[in-house]
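Results of the structural survey
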Amino acid sequence: MTDDTTDTPETPGESRDQDRAESATPRRLPVTDVSLVVLIGTSGAGKSTFARRHFLPTQVVSSDFCRGLVADDENDQSASVEAFDVLHYIVGKRLAAGRLTVVDATNVQPEARRQLVAIAREHDVLPIAIVLDVPPGVCAERNRSRPDRQLPAHVIPRQHRELRRSLRGLEREGFRKVHVLRGEAEVAAAEIGLEKRYNDLRHLTGPFDLVGDIHGCRSELETLLTRLGYTLARDAEGRPVDAAHPAGRTAVFVGDLVDRGPDTPGVLRLVMGMVAAGHALCVPGNHENKLGRAMDGKKVNVAYGLQESLDQLAGETEEFRAEVRAFMRGLVSHYLLDGGALVVCHAGLPERYHGRNSGRVRSHALYGDTTGETDEYGLPVRYPWAEEYRGRALVVYGHTPVPAASFVNNTVCLDTGCVFGGSLTALRYPERELVSVEAEREWYAPVRPLVTDAPGAREGRPLDLADVAGRRIVETGLHGRVAVREENAAAALEVMSRFALDPRLLAYLPPTMAPSATSRRDGYLEHPEEAFLGYRADGVRHLVCEEKHMGSRAVLLVAREEAALERRFGVAGPGAIWTRTGRAFLADEELTGAVLGRVREAAERAGLFEELATDWLLLDAELMPWSLKAVELLRRQYAAVGAAAGAVLPEVLSALERAAGRGLDLAHLTARQRQRAADAQAFTEAYRRYCWPTEGLSGIRLAPFQLLAAEGVNLAVRPHDEHLAWIDRLVAADATGTADGTEHPEYPEHPQHPQHRKEPVLHRTRRILVDTEDEASMAAATAWWEELTAAGGEGMVVKPLASLVRTVRGEGRPGGLVQPGVKVRGREYLRIIYGPDYTEHLDRLRLRALGHKRSLALREYALGLEALDRLAAGEPLWRVHEPVFAVLALESEPVDPRL
């Protein structure tokens, strides 16, 4: 758009300009709020004065000032090249930050302007020219009055001739707006009018209902709007022409309203009516762009459903078709909404393009970006921009059909293939709730199937080897970037591909746990005191000490009904139980189903499914006995040591006693061997406590200690007392068969009467609370630990009661993560870990290095929570699988397995 495109023929002298000065009236110059304003005028035209009057000092970048920066003299023309290098650099940095920038220089030469236009294009902002066409005589007089600037007589006339030659070509050079001010009076009377960009609707805060690609499916659109709570308005012929929400919500359409479907005119009539009434916003899709050009008579390739739209619109009135053309011409490529927290476009938009204006931005918003390759169906391979997106704004888009909408890196694609027989999807914002209606039929056969059998394909992006191979960097919200080395990824890939469960079910792997700091107490390698003092040093006051069970870590995914897992994870069944490495915990599927069934029944009775509004639960637990999973390990490693000691040491003692009877002084050696025999006996007794026979469910004990996740929520960040309260309800419901833990002894035939009750499977986790600022509290917890371990217990896990805790830096700023838990194991249990006679080597064992183990525990903890966050946010499988796989990979890092 040009504000002054008519040039007045150059008139010698200044009488013409004096006449203008007498008649000049105020003139408003529209300037876009984020743009590059280039002032053009001869030396002495008043550009600096104009800039000071109309713009902030920080918005103006002056060539004179830049000369001063590099040469300490603003008039040193020999420094011009370096000065303009600095000027261009500053301009680029300001435009990259989205700041209005004004260049104060003569800019009368095309080459100087060309570089500035190129910088504006690089940063996708509008270049705007403001020309100060002041008579040469006035400019010369002004320069003569400046003692610091005396120009040769020929300079100003030459600059003025260059300026006049440039006037007609400024638009061709790329300036989107050109304002020409002729004479002193027009310059003095000019006013700058800042205008918002067309895509800047940040003042609209919603709430919004964002609707995916419709493609002519008017009936499904009506159904979806009705489900969202909109009231449809119809014309005399019964056609929907508007829809309003009683709560004042605004619909936002992401484009591709047209083509392929049965009623493109009906969709346009409804959407256009909503936009005109202020009940909706709409951005264009690539199909609107193509249809609009076709309706304007331009040559386009008639394919991909365009002919259907043209045929359907041919039956409408010319007036309606004219309205359609005007509507499509007026659509803006994308919108910034809700203070910039929401961006809506058709094909997606990287953060650097948000709020920018250029052909490149519009092209990306309409068509996206491709890799230059084609898939097996001959369709272009889209560049996965969303996988690299890290922006603050939620980007909502469509364009590429996916079987189900899901969030990826704060983006969501709402094109769920309605016209292809899929569904029409909307996103409630800010609630982030997805609402869908099924397509009435397949209206148009897709070239590429919407759903394949590949894991993750139903979410639009199947798992890919490239996601996990080689060195990986995983972004976590709590611990920054976590690196996975290539060799560790290779080891994890071996385990995951050969032994692990279906990756669709593996939503979480538990982190390793570091022991407490090494104790200096006589006879102890680990003691509660170090755990309590360590947390106190981290600023954690309230702790919970939980019994460490004599079993193996198990993660349970429990479905309320088999169809629930099919809906959420794409795998039907009662659920799954897996180990820390993702393998099925039990080889017997029937037994797995029985354990899951008991947990499901207990959760149902305890009301957890209802309370958490979920059809499934993810739990962290210990499954006992240890021998249930590790029977071969026990047989080969622990039982073998005990058996060998039991076979050899009695004979050794017998021989020593016989030798002593012959008068040899072997008291010291005999005492040493007796101690070894006692240690071996204690070792055998220690591991046997973790082994007992089981038959079916009989003998199995499951001790859940944390609810990890439910539909739409990461529960792992909740305080531990909440978790333990939930777990207690589960255990009580399993033990009694009732929700409140009460029994029904009134009549024996009642199925919940004690005589009909099954053997309990769920086991309570004992605990004690600690205040690290209360010595008595710490002493009581230490005594509890001593009693627990003396009775054969493994020990305890000490955790911050608040669960997720950070250290505090100066000025109250949050620091790094605090260990989510440390284990304090008992003296006798540590015999299993370090050997029967480990107490004789405590001085050496106290030199064990814990730094790597602690670092590993924090990284795996952050990755586990990241996986749960992504699961709760409804992100696709590959996104959830990424941190889960990383946890498994980190388990391959070399670290002392005894820690």
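Residues numbered from 1 in each chain as written. Predicted model: local features only at pLDDT ≥ 70, side-chain atom pairs only at ≥ 80, totals over all residues. Heavy atoms only, no water.

Let us look at the environment of glycine 169. Its location among the elements puts glycine 169 in the loop between α7 (155-166) and β6 (177-182). The spatial distance from the C-alpha of glycine 169 to the C-alpha of proline 110 is 9.4 Å, given a sequence separation of 59 residues. (Helix = DSSP H or I, 4+ residues; strand = E, 2+ residues; numbered from the N terminus.)

Among the structural elements, arginine 352 can be located in the loop between β15 (342-344) and α14 (359-367). Along the chain, arginine 352 and histidine 123 lie 229 residues apart, while their C-alpha atoms are 8.4 Å from each other.

Once that is clear, we can look at the pattern of salt bridges. Taken as a whole and judged by the stated rule, the model has 64 salt bridges. Between arginine 541 and glutamate 773 there is a salt bridge; the shortest N-O distance is 3.6 Å. Placement of arginine 541 in the loop between α17 (528-537) and β26 (542-548) and of glutamate 773 in the loop between β32 (767-771) and α24 (775-790) is noted, with a sequence separation of 232 residues between them. What you see here is one network of salt bridges that share partners, running through Asp296, Glu318, Arg321, Arg325 and Arg329. (Salt bridge = Lys/Arg side-chain N within 4 Å of Asp/Glu carboxyl O.)

All right, on to the confidence of the model for the protein chain then. Considering every residue of the protein chain, the mean pLDDT works out to 88; 92% of them sit at 70 or more. A low-confidence stretch, residues 744-756 (pLDDT under 50), is modelled with 18 contacts involving residues beyond four sequence positions or located in other chains. (pLDDT = per-residue confidence, 0-100. Contact = heavy atoms within 4.5 Å.)

Glancing now at empty space enclosed by the protein. Tallied over the full model, the rule gives two cavities of 30 Å³ or more. Counted as a void, the largest cavity has a volume near 260 Å³. Of all the secondary structure elements, the ones that give two or more residues to the lining of the largest cavity are β30 (701-710) and α27 (851-872). For the lining of the largest cavity, the element with the most residues is α27, which contributes five residues. Looking at the lining of the largest cavity, its residues break down into 10 nonpolar, seven polar and four charged. Taken as a whole, the second largest cavity spans an internal volume of roughly 50 Å³. Broken down by secondary-structure element, the contributors of at least two residues to the lining of the second largest cavity are β23 (472-476) and α28 (877-890). Here the lining of the second largest cavity takes three residues from α28, the largest share from any one element. For the lining of the second largest cavity, the class distribution of residues is five nonpolar, no polar and three charged. (1 Å grid on protein atoms, 1.4 Å probe; cavity = no way out; pocket = protein on both sides within 12 Å on 5 of 7 lines; lining within 4 Å. Points joined across faces, edges and corners; volume = space filled by probe spheres on them. Nonpolar A, V, L, I, M, F, W, Y, C, P; charged D, E, K, R; others polar.)

Moving on: the packing of helix α4 (residues 80-96) against helix α5 (residues 110-122). Between α4 and α5, whose axes approach to 10 Å, the crossing angle comes to 25°. Classified by the interaxial angle, the pair formed by α4 and α5 is roughly parallel. The handedness of the crossing between α4 and α5 comes out as right-handed. In this structure, α4 uses Leu87, His88, Val91, Gly92 and Leu95 to contact α5, whose residues at the interface are Gln115, Leu116, Ile119 and Ala120. Taken together, the residues of the contact of α4 with α5 sort by class into six nonpolar, three polar and no charged. (Axes fitted to C-alpha atoms, helices over the stretch in contact; angles between N-to-C directions. Parallel < 35°, antiparallel > 145°, perpendicular 65-115°, else oblique. Left-handed = near helix turned anticlockwise from the far one by under 90°.)

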